[in-house]
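The chain contents come next:
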Amino acid sequence: MEPVRAAEPAPEEPAPGTPSPSPSPSPDTVARSLLVPVPEDRAAERAVAAPVLPARPEAARPAVRTAGAAPVQGGTPCPACSLANAPGRHFCRFCATPMVPERLSTAEGPYAGRRPGLTRDRSRWIVRALIAVGVVAVVIGGVFGGPPAARAVQDHFATRVPVHPVSWTASHSAPKQDPKLAGDGYANTWWGTGYAGDSAGQYLEAAFAEPTDLLSLLITPGSSKNTTQADGQATPRTFDLVVKDASGEIRVSHHRINDGGTQRVDLRVRDALSVRLVLRTAWRADPQKQVAVAELEFFGRSVS
């Protein structure tokens, strides 16, 4: 006989107008709702490019490439790294060491990128040394050689000025060819000996008003500067210069000149009172011609 159960109370019905409460989900139902179904055999999705800002494209980055130097066959080895370089290179392509040492010089001079060395031209130093030795020798000679040597040094560096004689005389003269015409300053007037041939022994003499330091003289031989004229006279070839100074001493020097053209003759006589030109031989000596001297000019030391 089954036991008698007590009667369960009847559920209360909600009041009219009151919403019925929804049943609360179970925990398994909540966990299943969070899962996302993933099909196993779906197609691979296409890659989508990353979005960029409009009108500002991203610049392509440069690719990094490792430089590979090709080996040089038969090149010049570097003095530092010993790697071969192409002929004609001035710097090593691997370590930038100069291929040509600084002590070596090339015919074309320093190349681009190379600082020229501080070399000096030895010839200039040799010339300067010789000039210095010459100057020292002249100074020492002037000091230890006495007054004559000192005067020679002074005469060499002295400024030359014209010296004008006060009188002219000659051993003999042709008509209208007075001795003073040799000192009038004109080359188309001249003194003539008046004798045919070389007129050896004939002389022309100039005298000064006071003792004069003579350094040189200029002589213009012949009847004009143009000695190619058909009617030109003979010209002196060799002659002596006889100089008398204030002390009465006479100095004689021998000289030789060319045929025609103004020429200088060094004299260098102190306190000269007169100078005599004595003819010895002549250029173009002829029985129809006489020896002529167009001009004779004297120069001394400036006193200023």
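Relevant structure appears above.
Residues numbered from 1 in each chain as written. Predicted model: local features only at pLDDT ≥ 70, side-chain atom pairs only at ≥ 80, totals over all residues. Heavy atoms only, no water.

Throughout the structure, instances matching the rule amount to zero disulfides. Between C81, a free cysteine, and C92, which holds the nearest cysteine sulfur, the sulfur-to-sulfur gap is 3.6 Å. Residue C81 is classed as partly exposed on the basis of its relative accessible area, which comes to 29%. (Disulfide = S-S within 2.5 Å. Buried < 20%, exposed > 50% of the residue type's maximum accessible area, 1.4 Å probe, protein only.)

Another aspect to go through is the environment of D245. By the element assignment, D245 lies in strand 7 (residues 235-245). A relative accessible area of 5% places D245 in the buried class. A sequence separation of 32 residues divides D245 from D213, and the C-alpha atoms of the two residues are 9.4 Å apart. Apart from the residues lying within four places of it in its own chain, the contact partners of D245 are R251, R270, D271, A272 and L273. A polar contact is formed between the side chain of D245 and the side chain of S247, at a distance of 2.9 Å. (Helix = DSSP H or I, 4+ residues; strand = E, 2+ residues; numbered from the N terminus. Contact = heavy atoms within 4.5 Å. Polar contact = N/O pair within 3.5 Å; in protein donor to acceptor, adjacent residues only side chain to side chain.)

Moving on to the packing of aromatic side chains. The tally for this structure, following the rule as stated, stands at two aromatic pairs. Ring centres of W168 and F298 lie 6.3 Å apart, and the angle between their planes is 40°; this geometry places the pair in the tilted category. A residue pair is termed long-range when its members are at least 10 positions apart, and W168 in strand 4 (residues 167-170) and F298 in strand 10 (residues 290-301) qualify at 130 residues. You can call W168 buried: its relative accessible area is 17%. Between F208 and F298, the ring centres sit 5.4 Å apart and the planes meet at 85°, which makes this aromatic pair edge-to-face. Of this pair, F208 sits in strand 6 (residues 203-221) while F298 is found in strand 10, placing the two residues 90 residues apart along the sequence. Like F298, F208 is buried. An aromatic cluster is built from W168, F208 and F298, whose rings are joined through pairwise contacts. Sitting over the ring of W125, R128 keeps its end group 5.3 Å from the ring centre. (Phe/Tyr/Trp six-rings, centres within 6.5 Å; stacked < 30°, edge-to-face > 60°. Lys NZ or Arg CZ within 6 Å of the ring centre and 35° of its normal.)

With that settled, the discussion passes to the pairing of strand 6. Pairing of strand 4 with strand 6, which is carried by four bridges, proceeds in the antiparallel orientation. In the sheet register, A170 faces strand 6, and the bridge partner there is L204. For strand 6 and strand 9 (residues 263-283), the ladder comprises eleven bridges, and the chain directions are antiparallel. Paired with I219 across the strands is Q263, a residue of strand 9. Pairing analysis gives seven bridges linking strand 6 to strand 10, with the strands arranged antiparallel. Residue pairing across strands places L217 opposite F298, the latter belonging to strand 10. (Pairing = 2+ DSSP bridges.)

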